[in-house]
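The chain contents come next:
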Amino acid sequence: MLSKRIKKLSDLVSPDRLRVFDLCCDHGKIGLACADRIAEVFLIDQVPTIIEKLKATDIPCNVHSLCADASNYQFESKPRDCFIIAGIGGHLATKILANILATGLEGIEIILSPHSHHEVVWEYLERKSVKGISFDRFFDQGKNYEVIKLTVDYTKNFDSLKFLKKWEPLQTEDDFLYKQIDYFTLKSKYEPDQYKWLSFYQARLSYLKSF
Ligand SMILES: C[S@@+](CC[C@H](N)C(=O)[O-])C[C@H]1O[C@@H](n2cnc3c(N)ncnc32)[C@H](O)[C@@H]1O
């Protein structure tokens with residue numbers, strides 16, 4: 001059975017997508033969960049043994065496994081592509097995002113769920129030409145997750161807090177924001193440049209509490 005996280009991520013892929021790229025795929029479960037409804041699925045990881053293992057597995061014929069570094073692979077994207085970037089830290093996620101956006105076409109869908117340093121991703125997205133489609137924050141198997149769904153849209157300038165104000169109140173209550181505030185309260189004492197993230201999470205929490 002798929003975990004709540006993998007189901008949530010794969011369910012977010014819009015039905016009109018023709019290709020899905022499960023980047024940093026490891027086990028490949030996210031991409032594989034889309035294979036019965038999407039024409040072509042690409043499982044991409046930079047570790048050769050992971051790709052060899054996937055190739056040796058009995059996977060559907062519309063699923064292709066590829067050994068590549070997602071942060072500099074030339075994707076030759078098409079408007080109805082969906083890129084899933086999940087289970088990696090915020091720093092790598094932004095490098096991969098930058099690679100996609102550098103060649104990205106209007107209409108490309110991106111599903112993002114870093115497992116740490118979420119704030120690096122929010123900072124990167126600020127004023128980028130992307131439109132926020134949805135946001136989800138949830139708890140699964142002892143961990144908090146954030147999932148952001150975006151499309152490339154050159155008429156937009158992304159505004160993280162504005163986007164979150166719309167979506168955050170719809171999320172189930174958990175202690176994620178409190179944990180982030182505790183973390184950045186401590187971190188900003190030693191690294192003053194981290195204070196902005198304390199303010200960022202405090203702003204999210206106080207907005208949420210205003211309801
Ligand atoms: C923790 S797994 C995440 C698996 C899956 N995406 C998920 O969310 O469950 C991280 C994977 O990222 C891969 N990886 C790390 N850097 C990468 C890069 N630059 N390009 C492609 N794969 C990368 C690692 O080899 C590893 O298999």
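Everything quoted here is computed from the prediction, not taken from an experiment. (Residues numbered from 1 in each chain as written. Predicted model: local features only at pLDDT ≥ 70, side-chain atom pairs only at ≥ 80, totals over all residues. Heavy atoms only, no water.)

Q: Any chance you could explain unusual backbone geometry here in plain terms?
A: Note: most peptide bonds trans; most residues except glycine with negative phi. Of note in this structure, cysteine 24 is not a glycine but carries a positive phi near 55°. The class for cysteine 24 is partly exposed, based on a relative accessible area of 21%. We note that aspartate 26 has phi near 50°; this positive angle belongs to a residue other than glycine. Mapped onto the fold, aspartate 26 is located in the loop between β1 (19-23) and α2 (29-32). Judged by its relative accessible area of 40%, aspartate 26 is partly exposed. (Buried < 20%, exposed > 50% of the residue type's maximum accessible area, 1.4 Å probe, protein only. Helix = DSSP H or I, 4+ residues; strand = E, 2+ residues; numbered from the N terminus.)

Q: I'm lost on the nonpolar core in this one. Help?
A: The tendency in soluble globular proteins is for nonpolar side chains to be buried side by side. Ranked by size, the top nonpolar core spans 39 residues in total, and within it Leu23, Ile85, Ile110, Leu112, Trp122, Leu125 and Ile148 carry the most contacts. Counting contributing residues per domain, this core is built from domain 1 (4-172) and domain 2 (175-211), each supplying no fewer than three. Contact partners of leucine 112, with chain neighbours within four places excluded, come to Ile85, Leu97, Val121, Leu125, Glu146, Val147, Ile148 and Leu150. (Core = buried A, V, L, I, M, F, W, Y, C linked by side-chain atoms within 4.5 Å. Domains from an automatic or database assignment. Contact = heavy atoms within 4.5 Å.)

Q: So what exactly am I meant to see when it comes to the domain arrangement of the chain here?
A: Frequently, the measure chosen for interface size is the accessible area that the parts lose on association. Splitting the chain by domain gives domain 1 (4-172) and domain 2 (175-211). A separation of 25 Å is found between the C-alpha centroids of domain 1 and domain 2. At the interface, 15 residues of domain 1 touch 16 residues of domain 2. Counting each side, the surface lost to burial between domain 1 and domain 2 is near 1400 Å², with a carbon and sulfur contribution of 65%. Among the residues domain 1 hides against domain 2, the three largest losses belong to Glu119, Asn144 and Glu168. Together they make up 35% of the total. Its salt-bridge partner being lysine 196, residue glutamate 123 comes within 2.5 Å of it at the nearest N-O pair. For the pair domain 1 and domain 2, the interface holds four residue pairs in polar contact (both at pLDDT 80 or more). Elements with a minimum of two residues in the side of domain 1 that touches domain 2: α5 (118-125), β6 (130-140), β7 (143-152) and α6 (160-167). Considered class by class, the residues forming the side of domain 1 that touches domain 2 number five nonpolar, four polar and six charged. (Buried area = accessible area lost by both parts, 1.4 Å probe. Salt bridge = Lys/Arg side-chain N within 4 Å of Asp/Glu carboxyl O. Polar contact = N/O pair within 3.5 Å; in protein donor to acceptor, adjacent residues only side chain to side chain. Nonpolar A, V, L, I, M, F, W, Y, C, P; charged D, E, K, R; others polar.)

Q: Looking at this structure, how should I read the packing of aromatic side chains?
A: Any pair of aromatic rings gets described here by the distance separating the centres and the angle formed by the planes. Evaluated as defined, the whole model comprises 16 aromatic pairs. Note on phenylalanine 135 and phenylalanine 163: the rings are 6.4 Å apart at their centroids and 75° apart in plane angle, and the pair reads as edge-to-face. A residue pair is termed long-range when its members are at least 10 positions apart, and phenylalanine 135 in strand β6 and phenylalanine 163 in helix α6 qualify at 28 residues. Look at phenylalanine 163 and you get buried, because its relative accessible area is 8%. The interplanar angle of 85° and the centroid separation of 5.2 Å between the aromatic rings of tryptophan 197 and phenylalanine 200 together place this pair among those described as edge-to-face. With tryptophan 197 and phenylalanine 200 both in helix α8 (residues 195-209) and three residues apart, the pair spans about one turn of that helix. Neither residue differs from the other here; tryptophan 197 and phenylalanine 200 are each classed as buried. Three or more aromatic residues joined by ring pairs form one cluster here, namely Trp122, Phe135, Phe158, Phe163, Phe176, Tyr183, Phe184, Trp197, Phe200 and Tyr201. (Phe/Tyr/Trp six-rings, centres within 6.5 Å; stacked < 30°, edge-to-face > 60°.)

Q: Explain the pattern of salt bridges here, please?
A: Opposite charge on two side chains allows them to pair when their charged atoms are near. Under the counting rule described, the total for this entry stands at 12 salt bridges. Across the pair aspartate 11 and lysine 7 runs a salt bridge whose closest N-O atoms are separated by 2.6 Å. Here the residue aspartate 11 and the residue lysine 7 both occupy positions in helix α1 (residues 4-11), the gap between them amounting to four residues, near one helical turn. Take aspartate 11: its relative accessible area is 49%, and that puts it in the partly exposed class. Under the relative-accessibility criterion, lysine 7 is labelled partly exposed at 44%.

Q: I'm lost on the site of the ligand in this one. Help?
A: Around the ligand sit 17 residues in total, of which Arg5, Cys24, His27, Asp45 and Asp69 are the nearest. Arginine 5 is positioned with one of its side-chain polar atoms (N or O) 2.5 Å from an oxygen atom of the ligand. Interatomic distance of 2.8 Å between a backbone N/O atom of cysteine 24 and a nitrogen atom of the ligand. In isolation the ligand has 610 Å² of accessible area, and contact with the protein removes 82% of it. For the shell around the ligand, the per-class residue count stands at 10 nonpolar, three polar and four charged. (Near = heavy atom within 4 Å. Areas by Shrake-Rupley, 256 points an atom, 1.4 Å probe, with all protein chains shown as cover.)

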